[in-house]
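Listed below are the residues making up each chain.
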Amino acid sequence: SPRYGTVVHKVELPHKGDELHHFGWNACSSMLCPLSGHPFTERRYLVVPGMSSSRIYIIDTKPHPTQARITKVIEPEELMRKTGYSRPHTIHCGPEGIYVSCLGGKGEKGDQGPAGVFIMDCETFEILGPWEMDHGDQVLAYDFWWHLPENVMVSSEWGRPAQFENGLVPDDLLGNRYGHRLHFWDMSRRRIMQSVDLGANHQMVLELRPAHEPTRTYG
């Protein structure tokens, strides 16, 4: 992408049906600042999740982005065993490593237990486990972002895998069974402080974006 100053050559993947969606880097500003735990980590690896397969590819963009290559593949069995989640979706690098949100829980259909966020080591790409210490009544998940100076993470909701993998389910939409809440998390305690229900007219609370002025208070 010329917009971001990087051109990545086509990488041939060994599996079909992964449904690659959101890519993310292994390192960024939220973890590279001197006050964080990984100030010298090199930003060179792309973390590429397959939403349908629950498989994750680690792609090295060095020595040159046009010669990118796969260096590690995390299979769905390992992901589910270590986190209890499936259907990885969004990648953000943060103060403690790589954060990955998942849209499914355990089981073949991803409907056993809550969906959520897990953490990977930003250098070895080992899965460290689920991020949450306490889900409260949160079950559905989608995107997430944070306000690091305020120690707050915000997460959104979509639906269970059966509600989106083959298209939206009209009966579930009319029955108000898609997600319609925002969850505000205490980042240090890893538990929900407050959940805000946006109501039946605002189902599928999807993408979240950071404020452009993080020091400003938004009312």
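From a predicted model like this one, the values you see are computed outputs, not experimental measurements.

Visitor: Could you give me a rundown of the packing of aromatic side chains, with the residues and numbers involved?
Guide: Summed over the entire model, instances satisfying the criterion amount to 9 aromatic pairs. For the pair Trp-145 and Trp-146, a centre-to-centre distance of 6.3 Å together with 40° between the ring planes defines the contact as tilted.

Visitor: Explain the nonpolar core residue by residue, including any values.
Guide: The biggest cluster of nonpolar side chains holds 16 residues, and the ones touching the most others in it are Val-47, Ile-58, Ile-98, Phe-118, Met-120 and Phe-125. Of all the elements in the fold, those that place two or more residues in this core are strand E2 (45-50), strand E3 (55-60), strand E6 (97-104) and strand E7 (117-120). A total of 3 residues in this core trace back to one element, the largest contributor, which is E6. Other than its neighbours up to four places away in sequence, Val-47 contacts His-22, Phe-23, Gly-24, Ile-56, Tyr-57, Ile-58, Ile-91, Ile-98, Met-120 and Phe-125. Listed in part, the 9 residues of the second largest apolar core include Ile-119, Trp-131, Phe-144 and Met-187.

Visitor: Can you lay out the sheet that holds strand E8 (residues 127-130) for me, pointing to particular residues and giving the numbers?
Guide: On the basis of which strands lie adjacent, the open sheet formed by 4 strands has the order E5-E6-E7-E8 and antiparallel pairing. With one partner strand each, in any of the chains shown, strand E5 (86-94) and E8 form the two edges of the open sheet. Taking the axes of each pair of neighbouring strands and ignoring which way they run, one obtains an average angle of 25° across the sheet. Bridge count for E5 against E6 is 7 bridges, and the pairing is antiparallel. For Ser-86, the partnering residue across the bridge sits in E6 and is Gly-104.

Here is what the cut-offs are and how they apply
Residues numbered from 1 in each chain as written. Predicted model: local features only at pLDDT ≥ 70, side-chain atom pairs only at ≥ 80, totals over all residues. Heavy atoms only, no water. Phe/Tyr/Trp six-rings, centres within 6.5 Å; stacked < 30°, edge-to-face > 60°. Core = buried A, V, L, I, M, F, W, Y, C linked by side-chain atoms within 4.5 Å. Buried < 20%, exposed > 50% of the residue type's maximum accessible area, 1.4 Å probe, protein only. Helix = DSSP H or I, 4+ residues; strand = E, 2+ residues; numbered from the N terminus. Contact = heavy atoms within 4.5 Å. Pairing = 2+ DSSP bridges. Axes fitted to C-alpha atoms, helices over the stretch in contact; angles between N-to-C directions.

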